[in-house]
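One-letter residues, chain by chain:
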Amino acid sequence: MTAASTNIDLVRLFKLRLVVARHGEMDAARWWNTNGILGRRGNMVLKRGFPSTHCFAQARIAFAVARNRCQELFDPPGSMTLWNLPAEIEDQFDECWQGWLDEGDQWTPVFGKLSETEPAETEPGDLLRMLEAFDLIDRSHVEAVGKLRRAAEGRSVPLAGTHCPDDDVITLLAAGFARGEPGSPAIPYARLED
């Protein structure tokens, strides 16, 4: 499923957000205040109340917490982040949830693989390895992330230039979180073209 006028693969966006959200939890990179909500613990807790949709409930919780934390730290005007894309894309993304819920069995392997990711100590490069394991980045993305630098204030990672949202830019917005450190996220952002 893609966003028609923006050429965004919304399934890919969902997976990118899942991996970054899982990596940023307190039992991993310690960037936002969820502790294993996308791991086994969250699966166990929410499965009781939401037997058929618990995975998506876990994702909603993790996404909301990650979005809020990132906006607290760095919310640049006229820009986009992984958690704050242009309204048209966010609306289309939200519209896809019901379809994804209806196809829940197709998502079982993705959520299963994600819940098996139980990092003990997060090290630099772990996020990139997770994204590679989910086939969300390739060597060119890894090289591009290697060239990204944290801004002087330490809370952000700018993508050079101005951008229209597309899969490649959104992938860099996700992978750019790898420039953060345990307990100290750096929010990748791209300035929007007018």
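Above this text you will find the structure in question.
These notes cover the structure that comes with them. Each chain carries its own residue numbering, running from 1 in the direction its sequence is written. Note on the predicted model: pLDDT of at least 70 is required for a residue's local features to be given, and 80 or more for side-chain atom pairs to be given and counted; whole-chain, interface and lining totals, by contrast, use all residues. Water and hydrogen atoms were dropped before computing side-chain values, which therefore reflect all heavy atoms in the structure.

### Side note on helix H8 (residues 167-175)
Okay, step 1: Burial classification: accessible surface area is computed with a 1.4 Å probe over protein chains only, and a residue below 20% of its type maximum counts as buried, one above 50% as exposed, and the rest as partly exposed. Secondary structure follows DSSP: runs of H or I at least 4 residues long count as helices, runs of E at least 2 residues long count as strands, and numbering of each begins at the N terminus. Of all nine residues that make up H8, seven are buried, and the element is covered over most of its length.
Okay, step 2: Among the residues making up H8, those that are buried are Val169, Ile170, Thr171, Leu172, Leu173, Ala174 and Ala175.

### Observations concerning empty space enclosed by the protein
Okay, step 1: Using protein atoms alone on a 1 Å grid, points that fit a 1.4 Å probe yet trap it form a cavity, whereas open point sets bounded by protein on both sides within 12 Å along at least five of seven lines form a pocket; residues with an atom within 4 Å of a point count as lining. Grid points are joined across faces, edges and corners, and a volume is the space filled by probe spheres set on the points. Per the stated rule, a full pass over the model turns up one cavity of 30 Å³ or more.
Okay, step 2: Considering the residues around the largest cavity, the lining is formed by Arg67, Cys70, Gln71, Phe74, Asp75, Thr81, Trp83 and Asn84.
Okay, step 3: Note on residue classes: Ala, Val, Leu, Ile, Met, Phe, Trp, Tyr, Cys and Pro are nonpolar, Asp, Glu, Lys and Arg are charged, and everything else, Gly too, is polar. Looking at the lining of the largest cavity residue by residue, the classes come out as three nonpolar, three polar and two charged.

### Comments concerning the packing of aromatic side chains
Okay, step 1: Stacked, tilted and edge-to-face are the three classes assigned to paired rings of Phe, Tyr and Trp, where Trp is represented by its six-membered ring and a pair needs centres within 6.5 Å; plane angles under 30 degrees give stacked, over 60 edge-to-face, the rest tilted. According to the stated counting rule, one finds 22 aromatic pairs in the structure shown.
Okay, step 2: Look at Trp31 and Trp32: their rings are 5.7 Å apart centre to centre, the planes differ by 65°, and that puts the pair in the edge-to-face class. With respect to class, Trp31 is no different from Trp32; both count as buried.
Okay, step 3: With centroids separated by 6.2 Å and ring planes inclined at 90°, the aromatic side chains of Phe93 and Trp97 adopt a geometry described as edge-to-face. Residue Phe93 and its partner Trp97 are located together in helix H4 (residues 87-102), separated by four residues, close to a single helical turn.

### Let's talk about the environment of Arg69
Okay, step 1: By secondary structure assignment, the location of Arg69 is in helix H3 (residues 54-73).
Okay, step 2: For Arg69, a relative accessible area of 29% translates into the label partly exposed.
Okay, step 3: In the structure, Arg69 is positioned 36 residues away from Asn33 in sequence and 8.3 Å away in space, judged by C-alpha atoms.
Okay, step 4: Contacts are residue-level and defined by heavy atoms, with any inter-residue pair within 4.5 Å sufficient. Setting aside residues no more than four positions away along its own chain, Arg69 makes contact with Trp31 and Trp32.

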